Protein chains: 2
Amino acid sequence: MKDFYPSRVNPEPSIMERKDPVLYGSQSDGPLNNTELDFYKQNGYIFLEKMFTDDEVDVLRKELDQTMNDHKSVERPDVVREQGSDEIRSIFDVHKNTEFFQKLSSHERLVNIARQLLGDDVYINQSRINFKPGFKGKEFYWHSDFETWHVEDGMPRMRAVSCSIILTDNYEYNGPLMLIPGSQNYYVQCASGTPDSHFEQSLKKQEFGTPDNESLKWLVDQSGGRIDRATGPAGSVLFFESNIMHGSSGNISPFPRSNVFFVFNSIQNKLEKPFSDLTPRPEFLANRENIKPIQPKPFDLTKKLIQS
Amino acid sequence: MKDFYPSRVNPEPSIMERKDPVLYGSQSDGPLNNTELDFYKQNGYIFLEKMFTDDEVDVLRKELDQTMNDHKSVERPDVVREQGSDEIRSIFDVHKNTEFFQKLSSHERLVNIARQLLGDDVYINQSRINFKPGFKGKEFYWHSDFETWHVEDGMPRMRAVSCSIILTDNYEYNGPLMLIPGSQNYYVQCASGTPDSHFEQSLKKQEFGTPDNESLKWLVDQSGGRIDRATGPAGSVLFFESNIMHGSSGNISPFPRSNVFFVFNSIQNKLEKPFSDLTPRPEFLANRENIKPIQPKPFDLTKKLIQS
């Protein structure tokens, strides 16, 4: 299959223009209006304040805690622990392994937006729940998700969108996601050299698949110096395009952060072989099995609250 | 001498109330008005926007660069380099070693404010210039300067103020200083155990003189959840009280940060023996020699610009 987005091939990094649309659908295709769609197209993301009510957030938080608790003694690669501690930080594949998050991943409120942005039926390429404590939240350096998904997982085109449901207030000072608006229009071809099983490696001085300083500077310049932050109250939802350059600072504040994270991919954009000679990453990071379009369904979260 | 602020003595951390005034002077003593003084007293800092004009900032930046350049091949502990690189990050004692920064440290615009806040003649306890590049700016964890100055340097009372002249724009996203307003009123007594030559040690998992999570949470609670950031344009000056709890996140943005930093101390608050059994830190970190009150003088920075 043709590689439209080669990366980690040449010794020197470079920037190429995106070859795919950012926005595939239109106002008539779903819940977002033209203003919102234009914002997404131009900036590569949209932050929807309080898509979930406080009661719903309460349920979501309890389910997250419960799921973390249920996995306390589970030793599997999809259950990720703090280094040097037993505390669980992330659980992957929750849309497959837990009934609640399976239902949430089909929630029409989310799926209809993903379908509208991607102009197609969608499926979940990756899911996870994250709990990041305060005081020692780690930095996440700039990256395009698509670059990894393309090179390491074999995602052919830019037709995926990440959806982060924010379960804690995001402030300027507790390490919110930072995004370079407009960067979704450019593809940073990283310098060559990817060791196999890269995802398992601990952080090294020279990271592979890391954008170079010059390209990052260029991307920030084209945005007029803007670096946006996804700040807002719990219950807000951030949709961000697969290729937008994003990262986050560490979090030394006492305020923890937790979220639910789904990657929606177009059903026409299923994973192929990696666009590299790497071994494909495991299923929990990049779904390949039993791919079926999601049927968006209503899901009354607060019903759950009354039961509990 | 009586130790009014013991720390690193007991195995468990605790919080005690401040025993000294925050603000020593009044409106009639100097350039700040009552509103500004009230803000400082309540919040423990004051951020004065654009105290230096763009032309003056230009001169300050050139002098900073020049000084860094002049010290390229100087191997002294007061010239601090990036780990694993030759690039200079900080130079200490610039108020002694360079004519320009000596004059700047006596600049009436700064000294008169320090004198007003401390209600006394002042001298410089520590000075430095800092250049922090973008992309890899390191996190600086929460700390009270006074705790270190007291335990390691022998500063008796809380009657000092730090002055940071900001030479690059400070944004929310390039690691601005974060301050917990009101925390200057409380002293976090850190848990015991300080190895000698602490200042020379690289960052360890268990840091000594580091405030504990519970105390930090408590301080943020008493501020009503507020964590303020010193953001604003180049040329602004931040004065912050010696005991305010502050820190900063890393800086992954492309925007570097540089500043000039003076610590003004009351002439009645000169350093004694450390309030611990530690060997006093070197002179460049904690001035003890030839202490004399500063005579505030006018200093026309832009004259310099015309000459150059």
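Residue positions within a chain follow its written sequence, with the count starting from 1. Each chain is given a letter, starting from A, and each ligand a number, starting from 1, according to the order in which they appear as written. This being a predicted model, a pLDDT of at least 70 is required before a residue's local features are given, and a value of 80 or more before pairs of side-chain atoms are given or counted; all residues contribute to the totals for chains, interfaces and linings. To get the side-chain values, take all heavy atoms of the structure and skip hydrogens and water.

- In the annotation of an unreviewed UniProt entry, chain A is listed under the name Ectoine hydroxylase and assigned to Salinibacillus aidingensis.
- What the UniProt record of chain A gives under Subunit (unreviewed entry) is the line "Homodimer."
- UniProt positions are given in the numbering used here, feature names are shortened, and annotations may be inferred rather than shown by experiment. Note on chain A: under the UniProt heading Function (unreviewed entry), the record states "Involved in the biosynthesis of 5-hydroxyectoine, called compatible solute, which helps organisms to survive extreme osmotic stress by acting as a highly soluble organic osmolyte. Catalyzes the 2-oxoglutarate-dependent selective hydroxylation of L-ectoine to yield (4S,5S)-5-hydroxyectoine."

### Looking at the overall build of chain A
Consideration 1: Helix and strand definitions follow DSSP, with helices as H or I runs of at least four residues and strands as E runs of at least two, each counted in order from the N terminus. Across its full length, chain A holds 8 helices and 13 strands.
Consideration 2: Only C-alpha atoms enter the radius of gyration, while the globule expectation follows 2.2 Å times N to the 0.38, with N the number of residues. Against the compact-globule benchmark of 19 Å for 308 residues, chain A has a radius of gyration of 19 Å, which places it among compact chains.
Consideration 3: Among the 308 residues that make up chain A, the fraction classed as buried is 56%.
Consideration 4: Across chain A, every contact between residues at least 6 apart in sequence was considered, and the portion connecting residues at least 24 apart equals 86%.
Consideration 5: The Shrake-Rupley method, run with a 1.4 Å probe sphere, supplies the accessible areas, and residue values consider only the shown protein chains as cover. Here chain A displays about 13,600 Å² of accessible surface, and carbon together with sulfur accounts for 48% of that area.
Consideration 6: Neither His nor the chain ends is counted toward charge; the positive residues are Lys and Arg and the negative residues Asp and Glu. By convention, the point assigned to a charge is CZ for Arg, NZ for Lys, CD for Glu and CG for Asp. Distance from the positive charge centre (36 side chains) to the negative charge centre (45 side chains) of chain A: 2 Å. Each residue is placed in one exposure class: buried if its accessible area under a 1.4 Å probe, protein chains only, is under 20% of its type's maximum, exposed if it is over 50%, and partly exposed if it falls in between. Here, residues are in contact when the closest pair of their heavy atoms is within 4.5 Å.

### Some remarks on the sheet that holds strand β3 (residues 79-81) of chain B
Residues and elements named next belong to chain B.
Consideration 1: Two strands pair if DSSP finds at least two bridges between them. Pairing in this open sheet of 7 strands is antiparallel, and the strands run β2-β11-β7-β13-β5-β4-β3 from one edge to the other. One side of each edge strand has no neighbouring strand; the edge strands of this open sheet are β2 (45-48) and β3. The average angle at which neighbouring strand axes cross in this sheet is 15°, direction not considered.
Consideration 2: Where strand β7 (residues 160-166) lies against strand β11 (residues 237-241), 5 bridges are found, and the strand directions are antiparallel. In the sheet register, I165 faces β11, and the bridge partner there is V237.
Consideration 3: Here, axes are lines fitted to C-alpha atoms. For helices the fit covers the stretch in contact, and angles between N-to-C directions go from 0 to 180 degrees. With respect to the sheet, helix α5 (residues 108-118) is in contact with β2, β5 (122-132), β7, β11 and β13 (257-266), its orientation differing from that of β13 by roughly 45°.
Consideration 4: Running over the sheet, helix α6 (residues 145-153) touches β5, β7, β11 and β13 and is turned about 125° from β7.

### Some remarks on the pattern of salt bridges
Pairing is possible between side chains of opposite charge, provided their charged atoms come close.
Residue and element names in this part refer to chain B.
Consideration 1: The rule for a salt bridge is simple: a side-chain nitrogen of Lys or Arg has to be within 4 Å of a carboxyl oxygen of Asp or Glu. Enumeration according to the criterion identifies 42 salt bridges over all chains in this entry.
Consideration 2: Here E172 and R229 are joined by a salt bridge, their closest N and O atoms 2.9 Å apart. Taken together, the residues E172 in the loop between β7 and β8 (177-179) and R229 in strand β10 (residues 228-229) connect sequence positions 57 residues apart.
Consideration 3: Judged by its relative accessible area of 22%, E172 falls in the partly exposed class.

### Describing the environment of B:V111
Residues and elements named next belong to chain B.
Consideration 1: Its place among the elements puts V111 in helix α5.
Consideration 2: With a relative accessible area of 0%, V111 lands in the buried category.
Consideration 3: Taking the C-alpha atoms as reference points, V111 and C163, separated by 52 residues in sequence, lie 9.6 Å from one another.
Consideration 4: With residues near it in sequence (within four places) discarded, V111 still touches S105, S106, V122, F264, I294 and P296.

### What about the sheet that holds strand β12 (residues 245-248) of chain A?
Residues and elements named next belong to chain A.
Consideration 1: The strand order across the open sheet built from 4 strands is β6-β12-β8-β10, with neighbouring strands paired in antiparallel fashion. What marks the edges here is a single partner per strand, and that holds for β6 (140-144) and β10 (228-229).
Consideration 2: Its contacts with the sheet put helix α6 (residues 145-153) on β6 and β12, and the angle it makes with β6 is roughly 65°.

### Considering the relation of the copies chain B and chain A
Consideration 1: Least squares is used to superpose the copies, and the fit set is the C-alpha atoms of residues whose pLDDT is at least 70 in both copies. By a simple turn and slide, chain B fits onto chain A: the slide is 0.0 Å along the axis, the RMSD is 0.0 Å, and the turn is 180°. Expressed as an axis order, the relation between the two copies is that of a two-fold axis.
Consideration 2: Interface residue correspondence from chain B to chain A reaches 100%, placing this contact among same-surface, isologous pairings.

### Some words on the interface of chain B and chain A
Consideration 1: Each partner contributes residues to the interface: chain B has 23 residues there, and chain A has 23 residues.
Consideration 2: Accessible area that two parts lose when put together, evaluated with a 1.4 Å probe and summed over both, is termed the buried area. Across the chain B/chain A interface, buried area totals approximately 2,100 Å², and carbon plus sulfur atoms make up 71% of it.
Consideration 3: Interface area lost by chain B to chain A is led by B:F135, B:Y173 and B:I252, which between them contribute 36%.
Consideration 4: Counting across the chain B and chain A interface gives 0 salt bridges.
Consideration 5: Between N or O atoms, a polar contact is any pair within 3.5 Å; within protein, one atom must be a potential hydrogen donor and the other a potential acceptor, and residues adjacent in sequence are included only when both atoms are from side chains. Linking chain B with chain A are 4 residue pairs in polar contact (both at pLDDT 80 or more), by the criterion used here.
Consideration 6: Where the side of chain B that touches chain A is concerned, the elements lending two or more residues are β6 (140-144), α7 (213-222) and β12 (245-248) of chain B.

### Considering helix α2 (residues 54-70) of chain B
Consideration 1: By this rule, a helix spans an expected 1.5 Å times one less than how many residues it contains. End to end, α2(B) covers 24 Å across 17 residues, agreeing with the expected 24 Å (1.5 Å per residue, within 8%).
Consideration 2: Those residues of α2(B) not exposed but buried are B:E56, B:V57, B:V59, B:L60, B:E63, B:L64, B:T67 and B:M68.

### Thoughts on the side chain of B:N265
Consideration 1: One can find B:N265 in strand β13.
Consideration 2: A distance of 2.9 Å separates the side chain of B:N265 from the backbone oxygen of B:N269, its partner in a polar contact.

### Examining the packing of aromatic side chains
Two aromatic rings, taken as a pair, are described by how far apart their centres are and by the angle between their planes.
Residue and element names in this part refer to chain A.
Consideration 1: Two rings from Phe, Tyr or Trp (for Trp, the six-membered ring) form a pair when their centres are within 6.5 Å of each other. A pair whose planes differ by under 30 degrees is stacked, one over 60 is edge-to-face, and the rest are tilted. This structure, assessed with the given rule, holds 26 aromatic pairs over all chains.
Consideration 2: The interplanar angle of 90° and the centroid separation of 5.3 Å between the aromatic rings of F39 and Y45 together place this pair among those described as edge-to-face.
Consideration 3: The exposure class of Y45 is buried, given its relative accessible area of 7%.
Consideration 4: Centre to centre, the rings of F240 and F261 are 6.1 Å apart; their planes meet at 50°, and the pair counts as tilted. Of this pair, F240 sits in strand β11 (residues 237-241) while F261 sits in strand β13 (residues 257-266); the two residues are 21 residues apart in sequence, bridging distant segments of the chain.

### Observations concerning the confidence of the model for chain A
Consideration 1: Confidence of the predictor in every single residue is expressed as pLDDT, which spans 0 to 100. With 94% of its residues at a pLDDT of 70 or more, chain A has an overall mean of 93.
Consideration 2: Contacts from residues 201-206 of chain A, a stretch scored under 50 in pLDDT, to residues over four places away or in other chains number 3 contacts.

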